[in-house]
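# Structure at a glance
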Amino acid sequence: DRLCVRRAMGYWVYQLCVGLNVTQSAYQTDRPAPTEHETILLGRFSDTLTEDGGVYPLVQLYDHGEQCGGASSNSMRGKGRTVRVNFMCAATGLHLQRVVEPEPCQYEMNVTHA
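Presented here is an overview of the structure given in this document.

What counts and what doesn't
Residues numbered from 1 in each chain as written. Predicted model: local features only at pLDDT ≥ 70, side-chain atom pairs only at ≥ 80, totals over all residues. Heavy atoms only, no water. Helix = DSSP H or I, 4+ residues; strand = E, 2+ residues; numbered from the N terminus. Buried < 20%, exposed > 50% of the residue type's maximum accessible area, 1.4 Å probe, protein only. Phe/Tyr/Trp six-rings, centres within 6.5 Å; stacked < 30°, edge-to-face > 60°. Lys, Arg positive; Asp, Glu negative; His and termini not counted. Salt bridge = Lys/Arg side-chain N within 4 Å of Asp/Glu carboxyl O. Polar contact = N/O pair within 3.5 Å; in protein donor to acceptor, adjacent residues only side chain to side chain. Contact = heavy atoms within 4.5 Å. Disulfide = S-S within 2.5 Å.

Notably, His64 is not glycine yet its phi reads approximately 60°, a positive angle. Locating His64 in the fold gives a position in strand 5 (residues 57-64). On the basis of relative accessibility, which here comes to 59%, the residue His64 falls in the exposed class.

Take the packing of aromatic side chains next. Centre-to-centre distance and the angle between the planes together describe a pair of aromatic rings. Counting across every chain of the model gives two aromatic pairs. Here Tyr11 and Trp12 contribute two aromatic rings whose centre-to-centre distance is 4.9 Å and whose plane-to-plane angle is 85°, an arrangement assigned as edge-to-face. Judged by relative accessible area, Trp12 falls into the partly exposed class, the value being 26%. Measuring from centroid to centroid gives 5.6 Å for Phe45 and Tyr62, while their planes differ by 70°, and the two rings are edge-to-face. Note that Phe45 is positioned in strand 4 (residues 39-50) and Tyr62 in strand 5, a separation of 17 residues in sequence.

Looking now at the side chain of Arg81. With respect to the helices, strands and loops of the structure, Arg81 is situated in the loop between strand 5 and strand 6 (82-89). In this structure, Arg81 is buried with no salt-bridge partner, the nearest side chain bearing the opposite charge being Glu66 at 5.0 Å. In terms of polar contacts, Arg81 uses its side chain to reach the backbone carbonyl oxygen of Glu66, at 3.1 Å. Setting aside anything within four residues of it in sequence, one finds Arg81 in contact with Ile40, Leu41, Leu42, Gly43, Asp63, His64, Gly65, Glu66, Gln67, Cys68, Cys105 and Tyr107.

Each disulfide consists of a covalent bond between the sulfur atoms of two cysteine residues. The tally for this structure, following the rule as stated, stands at two disulfides. Between Cys4 and Cys17 runs a disulfide, and the two sulfur atoms are separated by 2.1 Å. Because the sign of the S-S torsion sets the handedness, a value of about 110° for the bond joining Cys4 and Cys17 places this disulfide among the right-handed ones. Here Cys4, found in strand 1 (residues 4-9), pairs with Cys17, found in strand 2 (residues 12-17); they are 13 residues apart in sequence, far enough to count as distant. You can call Cys17 buried: its relative accessible area is 5%. The disulfide bridge from Cys68 ends at Cys105, spanning 1.4 Å between sulfur atoms. Sign of the S-S torsion, about -115° for the bond between Cys68 and Cys105, identifies this disulfide as left-handed. Highlighted residues: Cys68 in the loop between strand 5 and strand 6 and Cys105 in the loop between strand 7 (94-103) and strand 8 (106-113), separated in sequence by 37 residues. Its relative accessible area of 1% is what places Cys68 among the buried residues. Here the bonded cysteines of the chain are numbered in sequence order, and their pairing is 1-2, 3-4.

The structure is reproduced here in C-alpha cells:
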C-alpha cells in the first residue's frame, strides 16, 4: 500500500502518492471520483534529495509527467511536467499544504508529516 494524500484547491484536486506519482484532476462535485481522461499525470517519482548526506527525505522529485502541449512558455512546449515536493515536520498526519506552478508545467508542493 502506498501512502497517498489528496487536496482540493480551486478547480483542481491534487494527489501525491509518496514514492509513486503526483496527479491533478478536475474537481467535480457531482461525481465521487474523476474519470481517467480527467486526470493529468504531473510526474512519476524519480529521486529523493537529502540534506548533508542524511537519510531523512526533505525533497522528492517527480518527473516525466504528461507533455505540456499548451504551455504558454515555448521552452516547456512538448516537455513533460515536473513536481518538486518539499516535506516539513508537523505534529500529526500527512497533509498537502500548498501547490504552486511557478513556471508553466513545473509544480511545487509543500507537504507536512508527523
